[in-house]
Amino acid sequence: MKINWGTGIVAAFALFMSFILFFVFRVQSDHKYDNELVVEDYYKHERGVESDLAKEDNAATLSQKVLIENTGEAIKITFPESFDFKQITGKVSLYRPSDQRLDFDTPISLSAPYMLIPKNDLAGGRWDITVDWKYNGNAYMNKEMFNL
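Residues numbered from 1 in each chain as written. Predicted model: local features only at pLDDT ≥ 70, side-chain atom pairs only at ≥ 80, totals over all residues. Heavy atoms only, no water.

Would you explain the overall build of the protein chain in this entry?
When helices and strands are counted, the protein chain shows three helices and seven strands. Starting at the N terminus and walking to the C terminus, you meet the elements of the protein chain as α-α-α-β-β-β-β-β-β-β. Its C-alpha radius of gyration of 24 Å places the protein chain more than 25% over the 15 Å reference for a compact globule of 148 residues. For the protein chain, the spread of C-alpha atoms along the three principal axes comes to 90 × 35 × 25 Å. The proportion of buried residues among the 148 residues of the protein chain is 26%. Taking contacts inside the protein chain between residues at least 6 apart in sequence as the whole, the part at least 24 apart equals 58%. Between the centroid of the 16 positive side chains of the protein chain and the centroid of its 21 negative side chains there is a distance of 5 Å. (Helix = DSSP H or I, 4+ residues; strand = E, 2+ residues; numbered from the N terminus. Rg over C-alpha atoms; globule rule 2.2 N^0.38 Å. Buried < 20%, exposed > 50% of the residue type's maximum accessible area, 1.4 Å probe, protein only. Contact = heavy atoms within 4.5 Å. Lys, Arg positive; Asp, Glu negative; His and termini not counted. Charge placed at Lys NZ, Arg CZ, Asp CG, Glu CD.)

What follows is the structure, encoded as structure tokens:
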């Protein structure tokens, strides 16, 4: 049997497509390759982007900025000293890009002008920290990225 160029090219395309489809099905069916979304309700989340930008602009106009520091045993979030820390409310969100199951929120409850988040609760790697807080009716947002 003699194989011409046309038959060889069609056979090569068929083998290549079979190879690609094999890996597509393998990744989709294997739970080791978890395809998770960044946020669950993406469109609902997108509606709040403008308000988040306004909060970030408010935070940028402050004379004393919120400091997010990576200390030895904790992440320290220091609020402006000119503000009465007892009137600060909000939440701190810790987002882990590589594993959605490790994400969590912590409400802000202060007994001093700073807040500590222990590192022993956090896995090593990249963390995105968002401090969404209010003071005297004004909303602020600060974001920082850390590698632990």
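Don't stop here, the text continues.
For this particular structure, what's the right way to read the nonpolar core?
Most often, soluble globular proteins keep nonpolar side chains buried together rather than apart. Of all hydrophobic cores here, the largest spans 23 residues; its most connected members are I77, F79, V92, I108, V131 and W133. Elements that contribute at least two residues to this core include exactly β2 (74–78), β3 (89–95), β5 (114–118), β6 (126–135) and β7 (138–147). (Core = buried A, V, L, I, M, F, W, Y, C linked by side-chain atoms within 4.5 Å.)

Teacher, can you tell me more about helix α3 (residues 49–60) here?
Every α-helix carries 3.6 residues per turn, so stepping three or four residues along brings you back to the same face. Spanning twelve residues, α3 covers 16 Å between terminal C-alpha atoms, matching the ideal 16 Å at 1.5 Å per step. Of the surrounding elements, those touching the buried residues of α3 are β6 and β7. (Expected span 1.5 Å × (residues − 1).)

I would appreciate a short explanation of the packing of aromatic side chains in the present structure.
Here the distance between the centres and the angle between the planes together describe a pair of aromatic rings. A complete count under the given rule lists eight aromatic pairs for this structure. For the ring pair F22 and F23, a centre distance of 5.0 Å and an interplane angle of 75° mean the geometry is edge-to-face. Classification of F23 by relative accessible area gives partly exposed; the value is 37%. On the basis of an interplanar angle of 5° and a centroid distance of 4.2 Å, the ring pair of F83 and Y135 is categorised as stacked. Of this pair, F83 sits in the loop between β2 and β3 while Y135 sits in strand β6, and the two are 52 residues apart along the sequence. For F83, a relative accessible area of 15% puts it in the buried group. Following the ring pairs from residue to residue traces out a cluster consisting of F79, F83, W133, Y135 and Y140. (Phe/Tyr/Trp six-rings, centres within 6.5 Å; stacked < 30°, edge-to-face > 60°.)

Would you take a moment to explain the sheet that holds β7 for this structure?
Strand pairing within a sheet occurs via backbone hydrogen bonds; the two strands may be parallel or antiparallel. Spatially, the four strands line up as an open sheet ordered β4-β3-β6-β7, and their pairing is antiparallel. Of all the strands in the sheet, the pair left with one neighbour each is β4 (104–107) and β7. Each strand of the sheet is rotated relative to its neighbour by a mean of 15°, with strand direction disregarded. As defined by bridge partners, β3 adjoins β4 across four bridges and the pair is classed as antiparallel. Bridging across to β4, K91 finds its partner in P107. Across the sheet, α3 lies against β6 and β7, angled at about 90° from β7, the strand it touches most. (Pairing = 2+ DSSP bridges. Axes fitted to C-alpha atoms, helices over the stretch in contact; angles between N-to-C directions.)

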